[in-house]
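# Structural overview
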Amino acid sequence: MPNKKLTYQASGVNIHEGYKEVKMIKGLAKATHNVNVLNNLGSFAGMFKMPKGMQEPILVSGTDGVGTKIAIACQKQKYDTVGIDCVAMCVNDVLCHGAKPLFFLDYIACGKLNAKIAASLVKGVASGCQLSGSALIGGETAEMPDFYKPGDYDLAGFAVGIVEKTKIINGKDIKVGDALIGITSSGCHSNGYSLIRQVFKNLDEPLNGQPIWKTLLTPTKIYVKPILRLLQQVHVKGMAHITGGGFIENAPRMLGKANLQIVINKHSYPLPQIFKLINQRGVALDHMYNTFNMGIGFMLCVNQKDVKQTIQILQQAGETAYEIGYIAKGKRTVCLK
């Protein structure tokens, strides 16, 4: 005999809450669409028409998540900014190869679905898509009661961009003497939060007149529009998104196959207060430069003669940028001076 109590909802999955979420986010997604989006949410897959006018278009993709930063969002019930982080972590990576982001898809996982919370997360994703010029064309929400605790949410995403093959940035032109330009971050971005949550046990402790959790939830900066503007005027040889692993792991990734050394002057720009505080709480600086962005969220390599123009263009786009180092002979390492 069938057991009438043995249902999907009884096992902890409420499909009707999922239907409610979809209704709430359709408008958010549609606001990011452009003429190249061929269908709306609700199909089995998103459809995007390839832009015209390119000789040999190359698709560039990236995927990433928010990490444990979302734990702070859940604890403080402030869900509408981490979606920006999710988009930023993906589109900034795609941007490193000179690609313009085209579209984005998100993935939300939780223990017990609350449509309002999920819609708030997607609201942040939609904001990030608008900031990067991407269309939100699809996603997935998974309710897994046996895997996540009630109140737990996870967020990840996937971005696809496009670049002309002849304009791919891969570090092949980088040479000794080239300059490194650093663009400031908005804070910790979305990396190192497992350590940050150990450093700041009390998220309500004050910092600059507000609880520190507000500083820690500052969204990751999206660099797409200023960098795409810069690429139209300056020959950029390499780019790096400074994420998990800090300078040590990410800066050499801009070199491509070149066996060169990256030299960074730690005193060439002001260290943000949040990183000074983490250091004061007992985390060694050497470890921090291998964990956090340390105030520089995006790095460029340009010819020395282009430094002044590069910084000027970035400033005109509203960014703060510094010459923070140079390329030297040596092994594929980072030297912090």
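In what follows, the structure referred to is the one given above.
Summary of the structure given here. (Residues numbered from 1 in each chain as written. Predicted model: local features only at pLDDT ≥ 70, side-chain atom pairs only at ≥ 80, totals over all residues. Heavy atoms only, no water.)

### Describing the overall build of the protein chain
Check the secondary structure of the protein chain and you find 11 helices and 12 strands. Over its C-alpha atoms the protein chain spans a radius of gyration of 21 Å, differing by no more than 12% from the 20 Å that the globule rule assigns to 337 residues. Considering only C-alpha atoms, the protein chain reaches an extent of 75 × 55 × 35 Å along its principal axes. The 337 residues of the protein chain split such that 50% are buried. Considering only contacts within the protein chain whose residues lie at least 6 apart along the sequence, 85% involve residues at least 24 apart. For the protein chain, the exposed area adds up to about 16,300 Å²; of that, 53% sits on carbon and sulfur atoms. (Helix = DSSP H or I, 4+ residues; strand = E, 2+ residues; numbered from the N terminus. Rg over C-alpha atoms; globule rule 2.2 N^0.38 Å. Buried < 20%, exposed > 50% of the residue type's maximum accessible area, 1.4 Å probe, protein only. Contact = heavy atoms within 4.5 Å. Areas by Shrake-Rupley, 256 points an atom, 1.4 Å probe, with all protein chains shown as cover.)

### Some words on the packing of aromatic side chains
Inspection of the entire model under this criterion finds 6 aromatic pairs. For the pair Tyr79 and Tyr153, a centre-to-centre distance of 6.3 Å together with 65° between the ring planes defines the contact as edge-to-face. Within this pair, whereas Tyr79 is found in the loop between α2 (69–76) and α3 (82–95), its partner Tyr153 is found in strand β4 (residues 153–164), the two being separated by 74 residues in sequence. For Tyr79, a relative accessible area of 11% corresponds to the buried category. (Phe/Tyr/Trp six-rings, centres within 6.5 Å; stacked < 30°, edge-to-face > 60°.)

### Some words on the sheet that holds strand β8 (residues 236–241)
Taken in spatial order, the 6 strands make up an open sheet running β8-β10-β5-β11-β9-β12, and their pairing is mixed. The strands lining the two open edges of the sheet, one partner per strand, are β8 and β12 (334–336). With direction set aside, neighbouring strand axes in the sheet form an average angle of 25°. Strand direction decides the pairing type here: strand β5 (residues 179–184) and strand β11 (residues 321–328), joined by 5 bridges, are antiparallel. Each bridged residue has a counterpart across the sheet, and for Ile181 the counterpart in β11 is Glu323. Seen against the sheet, helix α7 (residues 224–231) touches β5, β8 and β10 (296–302) and runs at an angle of roughly 170° to β8. Relative to the sheet, helix α11 (residues 307–316) contacts β5, β10 and β11, its axis offset from that of β5 by approximately 15°. (Pairing = 2+ DSSP bridges. Axes fitted to C-alpha atoms, helices over the stretch in contact; angles between N-to-C directions.)

### Regarding α2
Turning to α2, its buried residues number three or more, namely Lys69, Ile70, Ile72, Ala73 and Cys74. For α2, the secondary structure elements touched by its buried residues are α3, α4 (115–132), β4, α5 (193–199) and α6 (212–216). In the stretch just after α2, Gln77 is the one whose phi turns positive, near 55°.

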